[in-house]
Amino acid sequence: MRMHKKKRWIAVALVGALLLMVVAAPWPTLLEKRLVAALEAKGFSPVTLHLGHLGIRGIVVREVALGEPPLKLAQVSVAYTPRTLFHGAIDTVRVEGLNLHVQQGGGNWQVEGISGRMSSATASAPVTIPVTATAMRVVPFKQVQVADSMLEIVAKEVAAQVPFTLTLENTAPHRLQIESKGSTFKAGGVPLRVESIDLSLTLDSVAQQWHGSWALEGIAPTFEARDVPVLAATGTLTMTADMLRFTGRMANAEATYQAQVTGEYSFSKPEASTLHIQHAQMPWGGGTVVIDHAVLALARNRPIALTLEMQHIPVDALLGDLTGNRATATGFVSGNVPLRMAGDGTVTIGKTSLKADGPGVVTLQPEIIPGDNAQAVLVREVLKNLHYTMLELAVETLSDRTLSATLAVEGHNPEVQRGRAVKLQVHLSGDLLDFIVQNSQWMNHPQTLIEQKNHE
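1. So, the confidence of the model for the protein chain
And then number 1: With 80% of its residues at a pLDDT of 70 or more, the protein chain shows a mean pLDDT of 80.
And then number 2: Averaged over each element, pLDDT in the protein chain is lowest for helix H9 (residues 446–455) (38) and highest for strand S12 (residues 231–239) (97).
And then number 3: Counted against residues more than four places away or in other chains, residues 3–8, with its pLDDT under 50, gives 0 contacts.
And then number 4: Note that residues 10–25 has pLDDT below 50 and, in this model, 2 contacts with residues that lie over four places away or in other chains.

2. Brief notes about the nonpolar core
And then number 1: In terms of nonpolar packing, the biggest core is built from 92 residues, with Trp 210, Leu 308, Met 310, Leu 364, Leu 383, Leu 393 and Leu 428 touching the most fellow members.
And then number 2: Ignoring any residue separated from it by four or fewer positions in sequence, one finds Met 310 in contact with Trp 284, Thr 288, Val 289, Val 333, Ser 334, Gly 335, Val 337 and Leu 354.

3. Considering the side chain of Ser 266
And then number 1: Locating Ser 266 in the fold gives a position in strand S14 (residues 258–266).
And then number 2: Its relative accessible area of 7% is what places Ser 266 among the buried residues.
And then number 3: From its side chain, Ser 266 meets the backbone nitrogen of Lys 269 in a polar contact 2.9 Å long.
And then number 4: In contact with Ser 266, other than residues within four places in its own chain, are Asp 242, Met 243 and Ser 273.

4. Brief notes about the pairing of strand S9 (residues 175–187)
And then number 1: Relative to S9, strand S8 (residues 158–169) is paired through 9 bridges, and the arrangement is antiparallel. Among the inter-strand pairings, Gln 161 is bridged to a residue of S9, identified as Thr 184.
And then number 2: Where S8 hands over to S9, the hairpin turn is made up of 5 residues, counted between the paired strands.
And then number 3: The pairing of S9 with strand S10 (residues 190–204) spans 12 bridges and is classified as antiparallel. Note that in S10 the partner of Phe 185 across the bridge is Leu 192.

About the thresholds
Residues numbered from 1 in each chain as written. Predicted model: local features only at pLDDT ≥ 70, side-chain atom pairs only at ≥ 80, totals over all residues. Heavy atoms only, no water. pLDDT = per-residue confidence, 0-100. Helix = DSSP H or I, 4+ residues; strand = E, 2+ residues; numbered from the N terminus. Contact = heavy atoms within 4.5 Å. Core = buried A, V, L, I, M, F, W, Y, C linked by side-chain atoms within 4.5 Å. Buried < 20%, exposed > 50% of the residue type's maximum accessible area, 1.4 Å probe, protein only. Polar contact = N/O pair within 3.5 Å; in protein donor to acceptor, adjacent residues only side chain to side chain. Pairing = 2+ DSSP bridges.

Following this line, the structure appears as structure tokens:
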């Protein structure tokens, strides 16, 4: 009995001594140094961090900074059990306060803190997405959480600030969930706010793809703009190992603004990426502008060619813009406008014919028609109150980059020559290319057009 008690006390003493050694030893400092050395060996340099907690079921690291300029994380919490750790796995990793700053420079994208490592790692291999349960095992975590984090994107024509949360479930069924509230974007000089972004994907290991849905709510410009409604968009997303495919539909509550698109982006051949506009429409000047079945290249500096279908556009709005508000008219015109935008943003318009849908009245101010001869005087008199039965507006960009616009009308002025029928062709001079550029800025710089309309 005495020998048994003596052995028990010896065991207790040994355990107590070991615990005292653990508590007294500078383990946090030593572990911090080991973590820093391990990360720097992986290509992240310099590295700073502070060990907040260490236990048999988890570790907490705070104030992490990787690289220069640094990739910063407020806190990383790793949860594990001795059993899972023994098998080389970790239960949960939770990252808080991650700030991802992505910047475009010299034609390349760079992420603060990890660009050097990324460029060296991907120099000889394109980006590939893990699309099987086996491939997902390279991630030694059962669950990854990212909370209270921010993605910032800075490029020549695009900027974004996207606060986000992310959850990756790395056990069957594998799921990825991303949410954002209050994101801001700036594209082509137009600032936008998106109230919410939701993305949900599930891995289909048999089909070797991720598939799910996305939704954007409360899409609106952040400047005061007349007649620009709040939009919402929903769609599907599929990712294979080297390809991203998506569908989407965007509209306002009244469906006066609409767009239905599909697209694909190739990680291995970005230059082959395309966007297919199946249908898009928006009101303009009291009529509607429609785009159907247009295929656009998503690669930078690639030309864009599409056709705008002008439906029931008021002649008054069109001539007012073309002549600097020196013409008024009743009636409507319809037709197609072939438009081409070069990689440098230069806009040209092909041969266009907009024809009146029916009869109407057109009035041009006299100074639009130059000349002092009798014919010019007669034309000015006729166009003061021309009741037309046919009206056609022909527009085309010439080889010298100027725009030719010709108004052809048939009709009569009841106050001139007893209402005798006339046929006239009037060349509208001036820098009309400015008009086309301004009214194509819904694709490049819509804010300029909106602000100009508000000023008027």
